Amino acid sequence: MPNRTSRHGTNKSGAKSGSWKKGHSCASNPASRKYRSQIKSFKGDPMLKQRPNAMLTPDVVAAHNELTSGIQRMEVAESRPSESAMSEGGETCATFLSGLSDCTNVTFRKIQRYWEKNQHQEVCAVLAAITEVIRVKGGSESLTDYFGALVSALETTDELGPKAAIVHLLSMTISAKDDEVSLAVLQHEFGKVSQLLYEILKAAAVDGGDMSTALVKSTISGLSTLLRKVAHSTWADASCRETYNMLLQFIGHHKPNCRKAAQDGVAKIVCPRSTEDSSDYHPATTITAQYCNDKLKLGDLKEASNPIEVCHILQLMRRIMHIFSLPDLQKSCERILSHMTRPDVIVKSVCMQTVLKMFVNAPSTNTLPIDMNSKIINALYHCQPNLADEQLSRDWLNMMQQGVSNLLKNCAQVPDAGMQQLKYVEKFCTHAFKFLISDRQAVSDNAYVAVQNTLKDLGEFVAKQEMEANDEALEEVIKSLSKLFMAGLNYKYQQVWDRVFKFYQIGFESFFNKARFSIFAEGLTSMANFRNMAHFLYRSELDAALGAAVKHLGPETFLEAVPLLLYGTDLDDKEFSRSWIIPLLQQYVCDAELIHFFNYFCPLADSFGKRAIKCSDSMVLAATYKTLERQCWELLPAYCQHPVNLKIALKEKPKMGPFKNNVMLLGKTLETVPQLQGVVMQALRNLTNYATKKSNWEEREEDREVLKKYGKNFLTVLFNIYVGDGEGNNEKKSLTQLAALETIRHLVRVVPTGDVVACFNKVYERILNGTTEDQKHLCFYDLLIVMVQWLDAKTIEHICGKMESMLGSNNHHIQKKAYRMFEEVCGSENELCKAYLHTHVLQLVNKFKKELQERSIAPSSKGARIRCMDNMVASLSSSPDTMDECKLKQLVGDILPECISCLRDTEKSRKAAFALLVTSGRAFEDSLDEFFTMAFQGLNGSDNLASCTIFALSRLVYEYKEKMSLQVLKDTITKVCVCLATNTRVICKAALGFVMVLFSFNDNVLIKGYYTTILEAIDVWKSETQRHFRDYARKILQRLVRKIGFEAVNMVVKSDDLKRQLNYIRKMNERAKKKKAEGGHGDDGDSSDDDDDSRRFKKETMDEILADSDSGSDFDDEKDAKKGKRKVLKAKRKKQAATMMEDDENDPIDLLDSNVSNKIITTKTSKKKAQSEEFKTGKDGRLIIDFGVNDEESDDDEFMKDIGVTKASSSVVTMKRKRKQQDGDGDDDDDEDDDMRSKMSQSTVRSGYRTGGKGIHRNTSSVVSHDGSKFRSKKARGDMKKSKEQDPYAYIPVNVGVLNRRKQKKLTGQFDGLIKAAKKGAAKGKKQKGSVGGKKRRKM
C-alpha cells in the first residue's frame, strides 16, 4: 500500500514546500478572495446593492431574473406596490431607471452605456428621473424638452452630487446640433441659464478648488457653448461680459481638466468654425486679448508674474493670437518679448512656441502687416540663444523660419512693398549658418531644415515674380545668398559640406537661372574642383547639386562655368580630371538645345576619334580617347528627350564632314559606324516619342513635319541594318536588329502614308523574288508586319488577301508570319484596320476554321492565332448592331473548343487563350448560363480536354462570380467535384485548383454550402491518389477547419488517411493556441536554457557529483533524489547567474583589462529577440531571407497562375526568368521582338554613369576576383600556367581588423592553413618529380 503521507511535503506542482500539519491541508487554497468579496459586497448585482438587508420576495426574484437574462440592467425601486394592489389587477410599477433604459433620444446613448458599464450612477439616475418627468407632462422627449426640464431641476437643486449630474446633462443638451435645440430658445433663456452657471463658477473660484472637478468642467463646457451660440448683439450687455470674464479666470486653473475645458471653450468662442470676414472680429476677441495681456504684464518686481500662470496663458494665446486686432496683437507681442528676457528657460521656450504658432496660423495683412512682421523678426534676433542650448535653439530657429516664411507669403501679395523686406531672408540664413556648424547634432539638423525651407519659400516667391522685371532688392538678396554659399565651401564648414551642396541644389532649382550666371559661376567652379578630388566624401550630394545645375541651366551654361578641358589636341588635360562631366550630362540633360550637341559634342567626338588613331602607340591613351568619343555620342539620346528648336537643329549644316545638314550626318553615322548604331536609333525613338505625345499635340506639329520629311531616309538605312546584320542563317536576332526593328516601328507612325506604302511595296517585291529558305526572307516578313497597320485601305486588303493563302503553309515560320500579320491588323487602333476587320470578320473566321479542320496549326502559330480571334471577338462585342451580336455568339461557339484546348500549351499560347476566354465571357454577360453550358461540354472529352475545361471554368468563376446565377454556380461546383472524385491525376489537380479558387473569395457562406461535396469527392480517392495529393488535401482541410470548424469537417470525412491528417491539423492548432496563450511564437522549437536544464539533468560539475554521493542508503525515497537534483540545479543556476558577463560576439572580452569587473552582471540577458531579427542560414552557409509571405499565399499564387491570374506581391520580387524553350514560341524571331520591344522603346538610354574613381579611369565594372581560380586546372589538380599570361598568383584580401590587437591572433591564424597547404603541395610536387626522375633513370 503506498505511503500517502509522503505527499505532504510537495504540492501539486511538485515545487518545494514545507510539511503540512495534520488538518491544515486546506491552507494551500489561494489567498485571493476576489469573487467572494464581490458577492459579499453585492458588487455584481445593483438590485441587491440597493437593498442588502431585504428578504427574498417575488419582486426581487423577478427583477433578478430580468437582470441576469440580459434584457436591461435596472435597479428595483425602494418603494414597491403592496401585494394587495398587485392582486387587484393594477398596472405593474415601472422600475427605478425605466426612463433610462427606454430613452428614445439618441443624444443620451452615451449615458445608457455608462449604466451598462456600471459607471456614473448619479448621471443615469438623473436622466431617468428627467425622462419620467417629461413623460408625465406629455413631452415628446426632444432636446428642447430636456433643456427646459434640466434648467428647472438645476434651479431647485442645491446638493453638489445631483447638481453635477444635471449640469453634465445640460451641457450635452446645449452642445447638440443647432437644429436640435433652436437658437431662439437658447438666446431667450440665455440670461437665466448663464446666471445659474455663473453662480457655480463663482462658488468654484471662491472655494479654491474644493468643488468637484466634474461639476466645474461640465459648467465650463456648457457655459462656453452657450456663449458661442448667442448673437453678437448680446455681448453688449454687461452681464454677458461679466459671465465671460468669469470663464476667463479658469484658463489658468491649477486643475488640468478644468483648465483645458476653459481654454477649449474660449478658443471655440473666439475662433468659430464658420468662415467670417477677417475684419469682423468676435466681440470676445478684444476682451480675451486684454485679459491675457494684463496677465502677462510684468509688475514692479520682475518676478511678480507666476511662471506657471504665464505658461498657461501662453498656451491659450498660441491658439487665438492670430485673430487679434492690430493693437492687441502688437501689445501681446510686446508682452511676450518682455518675458523672453526672463531667465526662466521654460518660459522662454513657451514664448517662442507661441510666436511660432502665430506665424504658422498665417495671420492676414490686416492683423499682421508686413512692416510689423519685419519688426517682430528684428526684435527676435535679440533673443537669439546660445548655440549649446538645444531646446531654445530649436525653438528659435523654427520660430524665425516661420516668421520669414510668413513675411515672404505676405510680400507675394503686395510685391511693391515686399521687395524691400527680402533682406530678412539673407539675414536669417546668415545667422542660421552659425547654428549649422554647432557641435550639437540636433542644433545643426534644425538649422539645416530651417535654411532649406526658407530657400524653398524664396524660390516660390521668385517664381511668382518672374513675370515682372527683376527688382534690384531681389538681385541683392540672391547675390548675398551666393556669397554665403561660397563661404560655406570653406574648410570651416567642412563637416556640413553635404548640406551646403543641398542649398546649392535648391538654388539651381529655384532662383539661380541663366540670367544670374555671373552671380553663382564662381561657386559652380569651386564645386567642380571638389569633384575632381579622388576620394571626396560627399560625392553623391555634390553630383546631385551639379546635376541640378545641368538640368535647369542647360549643358551650354554649365560647360561655360565648368569647361571640360578636353579638346582632342595636345592641350588636353593629361589627368582627364574633368572627364566625369560627360556621364553627368548624360544623366541630367533635359530640355536642352539640340543644336548644342551638333555644334559642340559632335566635333569634339570627331577630334577624340582622330586623337585615338594618332595615339595608337599608347594602348591606354588610345582606349581612353575611344571611350570619350563614344561617351560624347551617348549624349545624343539625352538631348533628344525633350529637344528645343528641333527644326533648326536638324536643318543646320554640321561643323564636321561634307554634309548638307545634321540629318545626313546622323544617317551616315547610322550606316557606317556599327558601334554607334544603337545610340542613333535610341535618339530617333526619343524624337518620335516626343513628337507623337498626346499632350501638347498642336504645339509639336512643326516637329512632326520635320520627322515626316526626313523619316523615309532613315527607314531605308534601318531596313538594311535589320536584314543584313544577321550572320548567315542564324535564326537568333542580334540586339542591333531588334533595336532597328523597334526604331522602324516608331518611325512609321510619323512618316507619311505614301512613303510607307512605297517602302512596303519594295519589301514585298523582295519577298516575291527571294527564297523561303533564306533567313533574310523571314526578316522581310517582319518588316511587313511592322508597317501593315499604317498602310492605306487598298494595300491592307491586298496584303491580307495574300496572307490568307499562307495560313496553310507547311513552313511553320511562314505560317506564323501570316498570323502575326493578321494580329497586327486586327489589334490596331487605326480606323482603316478597324474598318477592314469589321467587314471581313466572318471571312477570317471561316478561314481560320477551315485551316483548323484541314491542316494542323504549328505550336509557334497558336499564340498569334488566338490573339487574332480575341481581337475579332472584341470587335464584334463593341458593335451595337444586332446582326453582329448573332455573329458574335456563333463565333464564340466555334472558337471556344480551340480556346479551351490551348490552356495547357506553351506559356504565351496559354496566356492568349485565357485572355480570349475572358473576352468571350464579356460577350455573354447577359446570358452566362448559355456560355457555361457551352463550356461544360469539354468535361466529357479526353483527360487533357477535361483538365483544360476545369481550368477554364476556374478562370470564369474567378472573373464572373458576382454576375453568375446561383444555379449556374451550383452546377459548376457540382460538375467539377464529380471530376475531383476521379482518380486521374491530371483532372484531380485541375479540380483542386478550382477548389482553391473558391477559397480565394473568402466567402464563408459559399464554403459552408459546398464543403460536403468537396470532402466527399476527396474521400473516395484511392490510396495512390491520396498519397500523391496529400499536401493539397492537407491545405484544403486546414482551410475548412479554420472556416467551419473541426467537428463539422470530421463528421463528413470517412477515409482513414484524411482522418489522420485531420487529427494532425487539430493537434497543431491546439498546440499553436496553447503556445500563443503562453506567450510563445508558434512551433519554432526554441526553448530557454532553463527548460533544457529541467528536461536534461546532466552531472557536469563537482557539486552535482558530490550531491549524488551524499545521498543516504539505497532505500531512500525517490522524492529525496528529485529534491536533491532540484537543489543542485538551483545552485547551478544561481552560480551561473552570478558569474555571467556581458559579451559582444563581435568584440570579445579582454580578461586582462582592469575594468573587466564592470562587465559582470547578475542576470542573464536574453538573446532570443536578437536572434529572431537575424537572417536564417542554410547548412551551406547561404542566407535564407524570408519576405513575409506565408505558404498559403504562395500556394494561392501557384493555383492562380494555372488559371492565368498573376498576383503581384509587394514583398517578393521574382528574379527567375524562364528560358525561351519553355515559352514554346522560341522557334521564331517574333518572340524575341516581343520581349525586347518594351526595352527598346524606352525614351532614354540607361545611364552608365557610376560614381567613384578618378576621371576616365574609374572602374565601373563589378569587383574582379583575384583568388587564383582562373589558373585552376579542369582536368588535374593544382594550378596551370597559361600562355601569354602571368604565372599563377592569388591575392588575399587584407581586413582592417588586423590592426586590432585583440583580433590579430585570430586573423593572422587564417594564413597558417594557407602556408601549410602551400608547403604540402610543394613537398608533394617535389616527391612526384623525384619519383619520375628515378623511373627515368631506371629505364635508362
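Here the structure is shown first, and the text comes after it.
Residues numbered from 1 in each chain as written. Predicted model: local features only at pLDDT ≥ 70, side-chain atom pairs only at ≥ 80, totals over all residues. Heavy atoms only, no water.

What the protein contains, in helices and strands, is 63 helices and 4 strands. Within the protein, contacts between residues separated by at least 24 positions form 70% of all contacts whose residues are at least 6 apart in sequence. As presented, the protein carries roughly 74,200 Å² of accessible surface, and 51% of it is formed by carbon and sulfur atoms. (Helix = DSSP H or I, 4+ residues; strand = E, 2+ residues; numbered from the N terminus. Contact = heavy atoms within 4.5 Å. Areas by Shrake-Rupley, 256 points an atom, 1.4 Å probe, with all protein chains shown as cover.)

Glancing now at helix 15 (residues 283-296). Over its 14 residues, helix 15 runs 21 Å from end to end, which matches the ideal 20 Å to within 8%, given 1.5 Å per residue. Looking at helix 15, one finds that the buried residues are Ala284, Thr285, Ile287, Thr288, Ala289, Tyr291, Cys292, Asn293 and Leu296. Against helix 13 (238-248), helix 14 (256-270), helix 16 (307-320) and helix 17 (326-340) lie the buried residues of helix 15. (Expected span 1.5 Å × (residues − 1). Buried < 20%, exposed > 50% of the residue type's maximum accessible area, 1.4 Å probe, protein only.)

Among the surface-exposed residues, Ile1292, Leu1314 and Ile1315 lie close enough to one another that they form a single nonpolar patch of about 250 Å² accessible area. Tracing the backbone through its elements, the reader meets Ile1292 in the loop between helix 61 (1230-1240) and helix 62 (1301-1308). (Patch = residues over 30% accessible without salt bridge, like charges linked within 9 Å, V, L, I, M, F, W, Y side chains within 5 Å. Salt bridge = Lys/Arg side-chain N within 4 Å of Asp/Glu carboxyl O.)

Turning to the nonpolar core, a few remarks are in order. If you look at soluble globular proteins, the nonpolar side chains tend to sit buried side by side. Ranked by size, the top nonpolar core spans 343 residues in total, and within it Tyr244 and Phe558 carry the most contacts. In this structure Tyr244 touches Leu227, Trp235, Val266, Ile269, Val270, Ala284, Ile287 and Thr288, once residues within four positions along its chain are discounted. (Core = buried A, V, L, I, M, F, W, Y, C linked by side-chain atoms within 4.5 Å.)

Here the focus is the state of the cysteines. In protein chemistry, a disulfide is the covalent bond that joins the sulfur atoms of two cysteines. By the definition in use, this model includes 0 disulfides. With no disulfide of its own, Cys977 has Cys979 as its nearest cysteine by sulfur position, at a separation of 9.2 Å. (Disulfide = S-S within 2.5 Å.)

With that settled, consider the packing of helix 15 against helix 16. With their axes 10 Å apart at the nearest point, helix 15 and helix 16 run at an angle of 150° to one another. If you check the angle between helix 15 and helix 16, you find them roughly antiparallel. Both helix 15 and helix 16 take part in a crossing whose hand is left-handed. Between helix 15 and helix 16, the contacting residues are Thr288, Cys292, Asn293, Lys295 and Leu296 on the first element and Glu309, Val310, Ile313, Leu314, Leu316, Met317 and Ile320 on the second. Tallied by class, residues from the contact of helix 15 with helix 16 come to 8 nonpolar, 2 polar and 2 charged. (Axes fitted to C-alpha atoms, helices over the stretch in contact; angles between N-to-C directions. Parallel < 35°, antiparallel > 145°, perpendicular 65-115°, else oblique. Left-handed = near helix turned anticlockwise from the far one by under 90°. Nonpolar A, V, L, I, M, F, W, Y, C, P; charged D, E, K, R; others polar.)

In this structure, Ile1203 sits in the loop between helix 59 (1191-1202) and helix 60 (1220-1223). With 249 residues separating them in the primary sequence, Ile1203 and Ser954 have C-alpha atoms 6.7 Å apart. Apart from residues no more than four positions distant in its own chain, Ile1203 is found in contact with Phe914, Phe951, Ser954, Arg955, Tyr958 and Val997.

Take the environment of Val425 next. With respect to the helices and strands, the residue Val425 is situated in helix 22 (residues 423-436). The class of Val425 is buried, set by a relative accessible area of 1%. C-alpha separation for the pair Val425 and Leu481, spaced 56 residues apart in sequence, amounts to 8.9 Å.

Next up on the list: the packing of aromatic side chains. Summed over all chains, the structure comprises 38 aromatic pairs. Seen in terms of ring centroids, Phe501 and Phe536 are 6.0 Å apart; in terms of plane orientation they differ by 55°. Their pairing is tilted. Here Phe536 lies in the loop between helix 26 (517-531) and helix 27 (539-553) and Phe501 lies in helix 25 (residues 497-510), a separation of 35 residues in the sequence. Take Phe501 and Phe536: they sit in the same class, and that class is buried. In this structure an aromatic cluster arises from ring pairing among Phe433, Tyr448, Phe485, Tyr493, Phe503, Tyr504, Phe508, Phe511, Phe512, Phe517 and Phe520. (Phe/Tyr/Trp six-rings, centres within 6.5 Å; stacked < 30°, edge-to-face > 60°.)

Attention now goes to the packing of helix 22 against helix 23 (residues 441-465). Where helix 22 contacts helix 23, the two axes come as close as 8 Å, and the packing angle between them is 160°. With respect to helix 23, the axis of helix 22 lies roughly antiparallel. As for the relative orientation of helix 22 and helix 23, their crossing is left-handed in sense. Across the interface between the two elements, Val425, Phe428, Cys429, Ala432, Phe433, Phe435 and Leu436 of helix 22 pack against Val443, Ser444, Ala447, Tyr448, Ala450, Val451, Thr454, Leu455 and Leu458 of helix 23. Class assignment of the residues belonging to the contact of helix 22 with helix 23 gives a composition of 14 nonpolar, 2 polar and no charged.

What follows deals with unusual backbone geometry. The phi torsion of most residues other than glycine is negative, and most of the peptide bonds are trans. Phi angles above zero are rare outside glycine, and Asn645 is one such case at about 60°. Mapped onto the elements of the fold, Asn645 is located in the loop between helix 32 (636-639) and helix 33 (646-651). Here Asn645 falls in the partly exposed class, since its relative accessible area comes to 41%. Phi angles above zero are rare outside glycine, and Asn1002 is one such case at about 55°. When you line up the elements, Asn1002 lands in the loop between helix 49 (985-1000) and helix 50 (1004-1019).

Our next topic: the pattern of salt bridges. For the coordinates displayed, the defined rule picks out 34 salt bridges. Across the salt bridge formed by Arg1034 and Asp1031, the nearest N and O atoms sit 4.0 Å from each other. A residue pair is termed a helical-turn pair when its members lie 3 or 4 positions apart in one helix, as Arg1034 and Asp1031 do in helix 52 (residues 1030-1044) at 3 residues. What makes Arg1034 partly exposed here is its relative accessible area of 26%. What emerges from the salt-bridge pattern is a single network uniting Arg820, Glu823, Glu824 and Arg867.

Time to look at the side chain of His282. Take His282: it is sitting in the loop between helix 14 and helix 15. Given a relative accessible area of 8%, His282 falls into the buried group. A distance of 3.0 Å separates a polar side-chain atom of His282 from the backbone nitrogen of Ala284. Filtering out sequence-adjacent residues up to four positions away, His282 remains in contact with His232, Trp235, Ile269 and Val270. (Polar contact = N/O pair within 3.5 Å; in protein donor to acceptor, adjacent residues only side chain to side chain.)

For helix 34 (residues 662-672), the full list of buried residues reads Asn662, Val663, Leu665, Leu666, Gly667, Thr669 and Leu670. Along its buried surface, helix 34 packs onto helix 30 (594-614), helix 31 (619-633), helix 32, helix 33, helix 35 (677-691) and helix 36 (701-724). Measuring from the side-chain oxygen of the N-cap residue of helix 34 to the backbone nitrogen of Val663 gives 3.3 Å; that N-cap residue is Asn661.

Moving on to the environment of Arg865. Inspection of the secondary structure assignment puts Arg865 in helix 43 (residues 859-877). In this structure Arg865 comes out as buried when scored by relative accessible area, which is 1%. Along the primary structure Arg865 and Lys816 are separated by 49 residues, whereas in three dimensions their C-alpha atoms are 8.3 Å apart. Ignoring any residue separated from it by four or fewer positions in sequence, one finds Arg865 in contact with Tyr819, Phe848, Lys849, Glu851, Leu852, Ile857 and Glu898. Only 2.8 Å separates the side chain of Arg865 from the side chain of Tyr819, close enough to count as a polar contact.

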